[in-house]
Amino acid sequence: MIEKINEATSYIQGQTDFSPEFGIILGTGLGGLIQEIEIQKEINYGDIPHFPVSTVESHQGRLIFGLLAGRKVVAMQGRFHYYEGYTMAQVTFPVRVLKLLGIKRLLVSNAAGGLNKGYKISELMVLGDHINLLPENPLTGPNLDSFGVRFPDMLEAYDPEMRKKALEIAKEKQLNVHEGVYVSVSGPNLETPAEYKFLSIIGADAVGMSTVPEVIVARQMDIPVFAISVITDLCFEGQLKHVTVEEVIAAAQKAEPSLTLLMKELVKSF
Ligand code: HPA
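To start, this report covers the structure provided alongside it.

Conventions adopted
Residues numbered from 1 in each chain as written. Predicted model: local features only at pLDDT ≥ 70, side-chain atom pairs only at ≥ 80, totals over all residues. Heavy atoms only, no water. 1 Å grid on protein atoms, 1.4 Å probe; cavity = no way out; pocket = protein on both sides within 12 Å on 5 of 7 lines; lining within 4 Å. Points joined across faces, edges and corners; volume = space filled by probe spheres on them. Helix = DSSP H or I, 4+ residues; strand = E, 2+ residues; numbered from the N terminus. Nonpolar A, V, L, I, M, F, W, Y, C, P; charged D, E, K, R; others polar. Patch = residues over 30% accessible without salt bridge, like charges linked within 9 Å, V, L, I, M, F, W, Y side chains within 5 Å. Areas by Shrake-Rupley, 256 points an atom, 1.4 Å probe, with all protein chains shown as cover. Salt bridge = Lys/Arg side-chain N within 4 Å of Asp/Glu carboxyl O. Phe/Tyr/Trp six-rings, centres within 6.5 Å; stacked < 30°, edge-to-face > 60°. Buried < 20%, exposed > 50% of the residue type's maximum accessible area, 1.4 Å probe, protein only.

### A closer look at the layout of surface pockets
A volume near 270 Å³ is recorded for the second largest pocket. Met-1, Ala-89, Pro-138, Thr-140 and Pro-142 are the residues nearest the centre of the second largest pocket, which is lined by 18 residues in total. With five residues, the top contributor of residues to the lining of the second largest pocket is helix H2 (residues 88–100). Class assignment for the residues of the lining of the second largest pocket results in eight nonpolar, seven polar and three charged.

### Description of a nonpolar patch on the surface
A surface patch of nonpolar side chains, amounting to about 380 Å² of accessible area, comprises Leu-133, Phe-198, Ile-201 and Ile-202. Its location among the elements puts Ile-202 in the loop between helix H4 (193–201) and strand S8 (206–208).

### A short note on empty space enclosed by the protein
Tallied over the full model, the rule gives one cavity of 30 Å³ or more. The calculated volume of the largest cavity comes to roughly 30 Å³. The wall of the largest cavity is formed by Phe-80, His-81, Tyr-82, Met-88, Val-91, Leu-134, Met-209, Ser-210, Thr-211, Pro-213 and Glu-214. Elements represented by at least two residues in the lining of the largest cavity include exactly H2 and helix H5 (212–220). Classifying every residue of the lining of the largest cavity by side-chain character gives seven nonpolar, three polar and one charged.

### Side note on the packing of aromatic side chains
Within the structure shown, the criterion is met by six aromatic pairs. Between Tyr-45 and Phe-80, the ring centres sit 5.4 Å apart and the planes meet at 45°, which makes this aromatic pair tilted. Placement of Tyr-45 in the loop between strand S2 (38–44) and strand S3 (62–68) and of Phe-80 in the loop between strand S4 (71–77) and H2 is noted, with a sequence separation of 35 residues between them. For Tyr-45, a relative accessible area of 1% gives the class buried. By relative accessible area, which is 1% here, Phe-80 ends up buried.

### Remarks on the pattern of salt bridges
The full count for this structure, using the stated rule, is 10 salt bridges. For Glu-247, the salt bridge identified is with Lys-241, shortest N-O distance 3.4 Å. Assessed through its relative accessible area of 34%, Glu-247 is described here as partly exposed. Between Lys-268 and Glu-265 there is a salt bridge; the shortest N-O distance is 3.4 Å. Of this pair, Lys-268 and Glu-265 both sit in helix H6 (residues 245–268), three residues apart, which is roughly one turn of that helix.

This is how it looks when you write it as structure tokens:
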């Protein structure tokens, strides 16, 4: 595994000497932040040894190196989900590579269903914590000691300083941003009404199918993480309705200007 991570990293370093400070993973329908990056180098996932390749149509698979608000970032345009059939090692492989490329912080976005009755479609939720209900853990198996400890603690999975700054920025820019608990499920089906109720009862404010594996791996490597959900559908009594992926993407895109502004201001503040 380590060898594969090293090979992928060496290939990238052979293509560019750009050294990113921030890693950014963009969620479903949320690739628009890319337009704000002054791109210096793009590398297709398919060209990087051992890198998984996106299968979901709404994701384009590319690593993008450049400046966002004057800060050096590498953005993953397209991420890997467990429901696509990737192993957890594959889902989190890019995060290991980003660490070796030198990122100091990781920012993650995703599309999620709103369980909190106070949430509305296209609003944003900063992750304050998570509940992991995925059936497998990315740290299962021999520990990669050079990356981190066997039993990483998860008390501050989401960096308190970045959360605080994000909420301050939201207030200053008059963006309606919540903070809440994200629960990860495997999908790909959405949940039944009983499941949504269950997820709400156990303490979640939003539900989605990504983010948590990447966060666990980043935290094992001691990378401070910021994550944010766009609420794309409402999942509580009175608001439940049939949802299509097109509607999820449309709701995500509507939130994109706010999300982009927040992410830009956040990287600028560090
Ligand atoms: N459930 C799970 N994942 C999701 C949802 C949902 O309702 N909406 C967007 N991603």
